[in-house]
Amino acid sequence: MLGSGVGWTARRRLVVAVLVASLAGVAACSGDGDDGSVPAPTTSTTEASPVTYRYDVPLDPQSPWPKFRANSRQTGASAVAGEDTGAEPWTFPTGKGVFSTPVVGGDGTVYVGSADRSFYAIAPDGTLRWKVDTGEIIDSAALLDDQGRVIVGSGDGTLYALDRDDGAVAWTFEAAPPADTGAFIRWFEGNVAVGSDGTLFAPNDNFCTYAVDGDTGEERWCFATADQTWSLPAVDAATGRLYLGSNFPLAANVFALDAATGQQLWAAQGKGSMVASPMLTSPEAGGLVVLGGFDGIVRALDPATGAEAWTFGARDHIYASPAELPDGTIVQPAADGTVYGLDPADGTVRWTFDALEPIRSSPAVDAAGRVYVGSGEGRLFVLEPDGTLRWSILLIDGDRNDLNASPALGPDGVAIAGESGEVFFVPYDYCLRPEAGGDDRCRVGPGEDLPSDGARLYVTTRFGRLLVDPPAVVDANEPLAFTLSVRSAGATELALLDSASVQVELDPAVEAIIDVSGDRKFVTVVPRDLWAGPAGGTLTVRVTGDYLVGLDRDGLRFSGGTVGGSVDETFTFEVRPWPADAAFPFSVPAAPGDPAGGVELYRLAAPLPTILPSYNQIGFDSIHYLIGMVEGRGDAAVAWAIGGRPVADGDGAEPDPASAVRFPLQVSSAGDLVTFVNEQGFTVQFNNFPLPFDYFRVATRLDASGGRPDSPALNAKAVCGRITFYGQFLQQLGYCNPTTDLLDVFGGAEMRPYDAGELPAGVGEVTFASSAGAVTATLAGSSLPAAEHNLGVLLVDTATGTPLPLAYADATTVSAGADGTVTSVAVALPDGQAPTAVRAYLMVDTLPAARAELTVGG
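In what follows, the accompanying structure is described. Just so we're clear, the structure is a prediction, and the values are computed from it rather than from any experiment.

1. Quick look at the overall build of the chain
Along its length, the chain carries 3 helices and 66 strands. Relative to the globule expectation of 29 Å for 858 residues, the C-alpha radius of gyration of the chain, 28 Å, shows essentially globular dimensions. Overall, the chain is about 85 × 65 × 50 Å in size when its C-alpha atoms are taken along their principal axes. Counting only residues that meet the buried cut, the chain has 63% of its 858 residues in that class. When contacts within the chain are restricted to residue pairs at least 6 apart in sequence, long-range pairs at least 24 apart make up 59% of them. When the accessible area of the chain is evaluated, it comes to approximately 29000 Å², of which 49% is carbon and sulfur surface. Looking at the chain, you have 51 positive and 107 negative side-chain charges, and the mean spots of the two groups are 2 Å apart.

2. Concerning the sheet that holds strand β27 (residues 349–354)
With respect to topology, 4 strands assemble into an open sheet ordered β24-β25-β26-β27, the strand pairing being antiparallel. Each edge of the sheet is formed by a strand with only one pairing partner; in this case those strands are β24 (323–324) and β27. The pairing of strand β26 (residues 338–342) with β27 spans 5 bridges and is antiparallel. Residue pairing in the sheet places Tyr340 in a bridge with Thr352 of β27.

3. Points about the layout of surface pockets
Put simply, the second largest pocket is a space of about 620 Å³. For the second largest pocket, the lining is made up of 31 residues, of which Ala636, Ala637, Gln666, Val667 and Ser668 are closest to its centre. For the lining of the second largest pocket, the secondary-structure elements that each account for two or more residues are β50 (624–633), β51 (636–646), β53 (662–670), β54 (673–678), β57 (695–701) and β65 (836–844). For the lining of the second largest pocket, a count of residues per class yields 14 nonpolar, 8 polar and 9 charged.

4. Overview of the sheet that holds strand β29 (residues 371–374)
Read from one edge of the open sheet, 5 strands run β28-β29-β30-β31-β35, paired in antiparallel fashion. Among the strands making up the open sheet, the edge pair consists of β28 (364–365) and β35 (442–444). Here 4 bridges tie β29 to strand β30 (residues 379–383), and the two strands are oriented antiparallel to one another. The partner of Gly374 across the bridge, within β30, is Leu380.

5. A look at the state of the cysteines
In the structure shown here, the tally under the stated rule is 3 disulfides. The side chain of Cys431 participates in a disulfide bridge whose partner is Cys442; the two sulfur atoms lie 2.0 Å from each other. Between Cys431 and Cys442, the disulfide has an S-S torsion of -70° and is therefore left-handed. Note that Cys431 is positioned in the loop between β34 (422–427) and β35 and Cys442 in strand β35, a separation of 11 residues in sequence. A relative accessible area of 5% places Cys431 in the buried class. Cys442 sits in the buried class, given a relative accessible area of 15%.

6. Some remarks on the pairing of strand β9 (residues 149–153)
Taking burial as the measure, the 5 residues of β9 include 5 buried ones, the bulk of the element. Across the two faces of β9 the burial is the same, with Arg149, Ile151 and Gly153 and Val150 and Val152 all buried. With 2 bridges connecting them, strand β8 (residues 143–144) and β9 associate as antiparallel partners. Bridge assignment links Leu143 to a residue of β9, and that residue is Ile151. When β9 meets strand β10 (residues 158–163), the two strands line up antiparallel, connected through 5 bridges. Looking across to β10, one finds that Val150 is bridged to Leu162.

7. Re the packing of aromatic side chains
With the rule as written, the count across this model stands at 20 aromatic pairs. The interplanar angle of 80° and the centroid separation of 5.4 Å between the aromatic rings of Tyr625 and Phe663 together place this pair among those described as edge-to-face. In this pair, Tyr625 is assigned in strand β50 and Phe663 in strand β53, connecting sequence segments 38 residues apart. Between Phe693 and Phe696, the aromatic rings sit 5.8 Å apart at their centres with planes inclined by 50°, giving tilted as the arrangement. No difference in accessibility class separates Phe693 from Phe696, as the two residues are buried. One aromatic cluster is present, formed by Tyr625, Phe663, Phe693 and Phe696 through successive ring pairs. The residue whose ring lies beneath Lys717 is Tyr695, and the NZ or CZ to ring-centre distance is 5.4 Å. Between Arg752 and the ring centre of Tyr602, over which it is positioned, the NZ or CZ distance is 3.9 Å.

8. Some words on the pattern of salt bridges
What the rule picks out here adds up to 43 salt bridges. For the salt bridge of Arg433 with Asp84, the shortest nitrogen-to-oxygen distance reads 2.8 Å. On the criterion of sequence distance, the pair formed by Arg433 in the loop between β34 and β35 and Asp84 in the loop between β2 (52–54) and β3 (90–93) is long-range, its members being 349 residues apart. Classification of Arg433 as buried rests on a relative accessible area of 9%. In this structure Asp84 comes out as partly exposed when scored by relative accessible area, which is 32%. For Arg400, the salt bridge is made with Glu750, and the minimal N-O distance between the two is 3.2 Å. Taken together, the residues Arg400 in the loop between β31 (389–394) and β32 (408–409) and Glu750 in strand β59 (residues 742–753) connect sequence positions 350 residues apart. Each member of the pair, Arg400 as well as Glu750, is classed as buried.

9. Digging into the pairing of β59
Counting buried residues along β59, 10 of its 12 residues qualify, which places the element largely inside the surrounding structure. Bridging between strand β49 (residues 598–608) and β59 involves 6 bridges; their strand directions are antiparallel. Counterpart to Ala605 in the pairing with β59 is Gly748. Bridging between strand β58 (residues 713–719) and β59 involves 7 bridges; their strand directions are antiparallel. Among the inter-strand pairings, Asn715 is bridged to a residue of β59, identified as Phe746.

10. Remarks on unusual backbone geometry
Put simply, Asp507 and Pro508 share a cis peptide bond, and its omega is 5°. Following the sequence through the fold, Pro508 ends up in the loop between β42 (503–507) and β43 (512–516). Here the bond from Leu608 into Pro609 is cis, since omega is 0°, no more than 30 degrees from zero. Along the chain, Pro609 turns up in the loop between β49 and α2 (611–621). Located in the positive-phi region is Asp449, a residue other than glycine, with phi close to 60°. Secondary-structure assignment places Asp449 in the loop between β35 and β36 (454–460). Looking at Asp449, the relative accessible area reads 52%, which means it is exposed. In this structure, Ala489 takes a positive phi of about 55° despite not being glycine. When you line up the elements, Ala489 lands in the loop between β39 (480–488) and β40 (491–492).

Calculation rules
Residues numbered from 1 in each chain as written. Predicted model: local features only at pLDDT ≥ 70, side-chain atom pairs only at ≥ 80, totals over all residues. Heavy atoms only, no water. Helix = DSSP H or I, 4+ residues; strand = E, 2+ residues; numbered from the N terminus. Rg over C-alpha atoms; globule rule 2.2 N^0.38 Å. Buried < 20%, exposed > 50% of the residue type's maximum accessible area, 1.4 Å probe, protein only. Contact = heavy atoms within 4.5 Å. Areas by Shrake-Rupley, 256 points an atom, 1.4 Å probe, with all protein chains shown as cover. Lys, Arg positive; Asp, Glu negative; His and termini not counted. Charge placed at Lys NZ, Arg CZ, Asp CG, Glu CD. Pairing = 2+ DSSP bridges. 1 Å grid on protein atoms, 1.4 Å probe; cavity = no way out; pocket = protein on both sides within 12 Å on 5 of 7 lines; lining within 4 Å. Points joined across faces, edges and corners; volume = space filled by probe spheres on them. Nonpolar A, V, L, I, M, F, W, Y, C, P; charged D, E, K, R; others polar. Disulfide = S-S within 2.5 Å. Phe/Tyr/Trp six-rings, centres within 6.5 Å; stacked < 30°, edge-to-face > 60°. Lys NZ or Arg CZ within 6 Å of the ring centre and 35° of its normal. Salt bridge = Lys/Arg side-chain N within 4 Å of Asp/Glu carboxyl O.

Have a look at this one:
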């Protein structure tokens, strides 16, 4: 039911009615005490008397971290002591990236979901206790209630209540289908909160935030918003109010609700999506509602009216939720790589700590006021209450190294998960142990380990790593990216490239596509052909230009400013030799029905610009594109890409008949180097809305056996004004070039061989016809089930050998008879299409099923 909600009769429940005196909203006590003091540390929590934590909502009283942000007011603070008990670190692998925050039981069991669609209970020694498979990726943190259950939402639109002992399902709640709410999808991404009477609050991507009965799973009300809500409601148990943000930046997107009815009490607006979860400051600090937005602004709002008490602007957008220290300091990380310590009275900066890469992880705070936070460089930082580094540890040293999930504080250490798909447990003060002195992953403070002053360009990898030492070797088809960082007086400074002044000199003078990103923070350099011939060679890249400081801002739309300095850096790379005599690596059909080679492109990552992982990292990570060869000769081919879905068992993907993803690519090879390009433009369906690209390029190197390729590099460009719905968001956020309106994207992916198999039987006799508005393939005598295949019509210009730049995703129409078999497939032509001789292909999944020569347009 959409709307403002309905009331109900509250059930009786034994809950602690005492409001917690701790600033964190939670107190810890020994089993027989009630003074709120932290118990003395023991060698093992499981060997000591039980520790009880008092919460003002029905959370597990033995858990130091029972929900995202730890407690009802979402201060990110726990009364756990944070002292070394001698526990041992461990790592637990899941099948895919992990972007959700763990929760931790009183016995140290870690509960967390993964993009591999499974939810895990991991024992205190790092072994699997149980797991439950769901129908989609899990991007939601769970909640441990006081009834022995763990509640978690999945991307399959289901909220699960599981028995903590064995994972048995107690009940489920199904979110309304997107068609009923006007949404695109119905993932549960907004974590789970609980009210004083046990009602659960769970935001869903179907534009509804649900109130669900914690005992039965029955819906009580739904609060409808204009967009998805990832922001977890903060609960004021004393007033019965909820506070949450929402993604829509063009209207009200911060709300206060009556928890009992879902009625809106007030609304406010930030100029960017408000995906962070709000925090309620302590009563001594005014009980303000604090949350940051994608416009880079932290807002402190009056809880009664929503009026702004103060604001603070970071250098980039804010994904992470804030935390509160015992002295009231608000700890706010940002995607600019800085953790800010803000005065709760006026938002002024008390201290900063700078990391090298974006921080999307929300901080956790222990009883001593120490701050735990993950970073985009795969490192867990532990800060003292004054913001200086206590210690840090590098947990992920691979390509996919983002620790974007938030840490959870357990009885004996910190649980955190990352893009690599691993869940990590790190004992408190592990890097301060004498035996850890030889662990080169550890760093001990107080310094930041960053350059003190000056401007620098960092070579940036396809997965977003800023390299202090540039790579010595690159492939001949490899794109390059360089990210600006400016330090002044030992702190990172707001500075943007002056686009007009940026020059890139290449030696040898290879033709390249050079772009300054829309947010003016990085430069991409993409070879039109190859950096060097088969013998390899040396490539020198010199980048010069001015940077601007003192900028005027409207959210993250920066203007004006003055020249603060310049960069002038030269990078020298050895270009890896490649075998000139290697054959084209894929089978290209000479005629429809012949064998066709292919690849699967999956686990896409788009770290630049920084806003893209924050909007959709787990979504990109779950993409599967299947690419099959259609026609070609020599070292070049035309390929056809469609959307795929994971196979039921094992690795790999299969064609997704429901996917509207259809687009052509031109494929070229040079030895073991393979490049896929579309420069004509195309549109794909992403999360059920059209995403138009003007440019798309994937470059990789096959291994010596011609099997699994290296992780390819990805470049893409889109005109923001043509992106439905989200384009205006990106413009408002300052991620589109103010002159060209281009969104410049740099990233990576994984690639593996794909066996398309044989053309399915039952295609029948195919004839093609061209009209002024479309090209239609008609199937006579077909027994091909339309619901079982991804179908399309591809048009290739006969003169140039390039695919026509059509909106194949949303311009394709499939017709079927009463028995569900395909009768025709058509692709619409744009108005004013000039007469063009084409080869028309009927595509069944990635395979060409029929071909004809005809003239279209005119």
